[in-house]
Amino acid sequence: MRAEAIVDLSAIKHNVQLLKKTAGTKLLAVVKADAYGHGLVPVAQAALSAGADYLGVALLEEAIALREAGIDAPILAWLVQPGSDFKRAIELDIELAAASLAALKEISDASTNKKAKVHLEVDTGMTRGGFLSEWDQIDAEHIKNIEIVGIFSHFARADEPGEKQNEEQLTRFNEMVARLHSFGFTHAIRHLSNSAATLKNHAAAFDMVRTGIAMYGLSPDVNTLGTSQSLGLRPAMQVRAALYLVKDVPAHTPVGYGATESTSADTKLGVIAMGYADGIPRIAHGAGVWCAGKRSPIIGRVSMDQFVVDLGAASKAKSGDWVVIFGNGSHAEYTADDWGAASGSINYEIVTRIGPRVPRIYSAHVY
Ligand SMILES: *Cc1c(COP(=O)(O)O)cnc(C)c1O
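Presented here is an overview of the structure given in this document. (Residues numbered from 1 in each chain as written. Predicted model: local features only at pLDDT ≥ 70, side-chain atom pairs only at ≥ 80, totals over all residues. Heavy atoms only, no water.)

**With respect to the site of the ligand**
Next, step 1: All residues adjacent to the ligand are Val 30, Lys 32, Tyr 36, Trp 78, His 154, Asn 194, Ser 195, Arg 210, Thr 211, Gly 212, Ile 213 and Tyr 348.
Next, step 2: With respect to the ligand, the side chain of Ser 195 contributes an N or O atom lying 2.5 Å from an oxygen atom.
Next, step 3: Look at the ligand: alone it shows 390 Å² of surface, and the protein chains cover 92% of it.
Next, step 4: Only helix H2 (32–36) and strand E9 (208–211) provide two or more residues apiece to the shell around the ligand. (Near = heavy atom within 4 Å. Polar contact = N/O pair within 3.5 Å; in protein donor to acceptor, adjacent residues only side chain to side chain. Areas by Shrake-Rupley, 256 points an atom, 1.4 Å probe, with all protein chains shown as cover. Helix = DSSP H or I, 4+ residues; strand = E, 2+ residues; numbered from the N terminus.)

Spelled out as structure tokens, the structure:
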């Protein structure tokens, strides 16, 4: 085996239970983007078995894949493109977000045999999706064929709990909810919090929280919110690979494309058959692998299918040995947080971009 991502579903269950208890509300498990790279269906099943009330995805295709896998829990898809097959979505009982009058009309027009279930997305300051100026124009006519089951919005800065924008968004959300209530839709599920807000902003929990990254055991921001460990979360993904080749190399030997780095002393280098095609960031500098009980840093540029690490002259590693690219940090291996920092990115991107060439294996972590 070249490389694999081992996903610990018991960690996901633990995280779901912790988050649901913290929120004290319903919990929507965010499983978009192949469950942040962890695998859509196994993660969805694990989250539901741990008490998740809803599943949330971006795309209609993702919601359909969940239904085709036999999952009958409530599913919300919030980024359904105009012109999509809304009739199919309604038949499959997939709940839909609407963020404009045009979307409401399209969903309404598709609601001939069965009423669509809709969550109104409102823009409270993120300035991405959601109703903004059109919010004051909605009237009974726009929603007469559909069932309004929810109202939601999204925080821009929940990972910076001290920022005033969080309070402003909360106030605006309450105002926008009040307008919906004035039409008599007082049963709509109100949901605003992502992982960061679930952990740090209890005033924003409302009726349901939507947790993504924390459910995978990762901190929304290690600098502002603390590490997985300090938050009580268990990282679910470990990526490991077998050393493809180990060889002795003299001091001052340039390594890789562009000869951007050279060995500083006589050493042993390890070649790993993973590259940016597998989601290892080309720009990563300062990350590496955990091999034979120690950290071995990347040397030179990551290429499409390979990268090189400096194992050190004394290393006993040999080709075929397993190395950990990132894991939960319990053995001093690099974490998805380390890889994020080493790439000018975030843990979200590191796990989500692990490519389709890397098989997902479901089991407890093996070191
Ligand atoms: C991705 C997403 C979430 C989850 O955010 P996390 O920071 O991963 O918890 C919640 N809500 C919406 C609308 C999203 O797009």
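**Some words on the environment of Ala 214**
Next, step 1: Relative to the elements of secondary structure, Ala 214 occurs in the loop between E9 and helix H9 (222–225).
Next, step 2: Accessibility expressed as a relative area gives 0% for Ala 214, which makes it buried.
Next, step 3: The spacing of Ala 214 and Tyr 348 is 134 residues in sequence and 9.9 Å in space, taken between C-alpha atoms.
Next, step 4: If we skip the residues at most four places from it in the chain, Ala 214 touches Asn 15, Leu 19, Ser 195, Leu 199 and Leu 233. (Buried < 20%, exposed > 50% of the residue type's maximum accessible area, 1.4 Å probe, protein only. Contact = heavy atoms within 4.5 Å.)

**Describing the pattern of salt bridges**
Next, step 1: Under the defined criterion, the tally for this structure stands at 20 salt bridges.
Next, step 2: In this structure, Lys 318 engages Asp 321 in a salt bridge whose closest nitrogen and oxygen atoms are separated by 3.2 Å. (Salt bridge = Lys/Arg side-chain N within 4 Å of Asp/Glu carboxyl O.)

**Focus on the packing of aromatic side chains**
Next, step 1: With the rule as written, the count across this model stands at five aromatic pairs.
Next, step 2: Look at Tyr 36 and Tyr 216: their rings are 4.7 Å apart centre to centre, the planes differ by 25 degrees, and that puts the pair in the stacked class. Linking Tyr 36 in helix H2 with Tyr 216 in the loop between E9 and H9, this pair joins segments that are 180 residues apart in sequence. A single burial state applies to Tyr 36 and to Tyr 216, both of which are buried.
Next, step 3: Consider the rings of Phe 173 and Phe 206, whose centres lie 5.0 Å apart with planes at 75 degrees: the pair is edge-to-face. Remark: Phe 206 occurs in the loop between helix H8 (195–200) and E9 and Phe 173 occurs in helix H7 (residues 164–182); sequence separation between them is 33 residues.
Next, step 4: Taking relative accessible area as the criterion, Phe 173 reaches 0% and is therefore assigned buried.
Next, step 5: When its relative accessible area of 18% is taken as the criterion, Phe 206 is described as buried.
Next, step 6: These aromatic residues form a ring-pair network of at least three members: Tyr 36, Tyr 216 and Tyr 348. (Phe/Tyr/Trp six-rings, centres within 6.5 Å; stacked < 30°, edge-to-face > 60°.)

**A closer look at the layout of surface pockets**
Next, step 1: One number sums up the size of the second largest pocket: a volume of about 320 Å³.
Next, step 2: Breaking the lining of the second largest pocket down by element, the ones donating at least two residues are helix H10 (228–231) and helix H11 (336–342).
Next, step 3: In terms of residue class, the lining of the second largest pocket is made up of 10 nonpolar, 10 polar and three charged. (1 Å grid on protein atoms, 1.4 Å probe; cavity = no way out; pocket = protein on both sides within 12 Å on 5 of 7 lines; lining within 4 Å. Points joined across faces, edges and corners; volume = space filled by probe spheres on them. Nonpolar A, V, L, I, M, F, W, Y, C, P; charged D, E, K, R; others polar.)

**Topic: the sheet that holds strand E7 (residues 147–152)**
Next, step 1: The parallel closed barrel is built from eight strands, whose spatial order is E2-E3-E4-E5-E6-E7-E8-E9. Taking the axes of each pair of neighbouring strands and ignoring which way they run, one obtains an average angle of 30 degrees across the sheet.
Next, step 2: Summarising the sheet, strand E6 (residues 117–121) and E7 pair through five bridges and their orientation is parallel. What sits directly across from Val 118, in E7, is Ile 148.
Next, step 3: This element, H7, spans E6, E7 and strand E8 (189–193) of the sheet and lies at about 165 degrees to E7. (Pairing = 2+ DSSP bridges. Axes fitted to C-alpha atoms, helices over the stretch in contact; angles between N-to-C directions.)

**Notes on the side chain of Glu 4**
Next, step 1: Within the secondary structure, Glu 4 is located in strand E1 (residues 3–7).
Next, step 2: By relative accessible area, which is 8% here, Glu 4 ends up buried.
Next, step 3: For Glu 4, the residues in contact, after removing those within four places along its chain, are Gln 238, Val 239, Arg 240, Trp 322, Val 358, Pro 359 and Ile 361.

**Examining empty space enclosed by the protein**
Next, step 1: Under the defined criterion, the tally for this structure stands at one cavity of 30 Å³ or more.
Next, step 2: In this structure, the largest cavity occupies an estimated 40 Å³ of space.
Next, step 3: What lines the largest cavity is simply Ala 89, Ile 90, Asp 93, Ile 94, Glu 95, Lys 114, Lys 115, Ala 116 and Lys 117.
Next, step 4: Secondary-structure elements contributing two or more residues to the lining of the largest cavity are helix H5 (86–91) and strand E5 (94–98).
Next, step 5: For the lining of the largest cavity, the class distribution of residues is four nonpolar, no polar and five charged.

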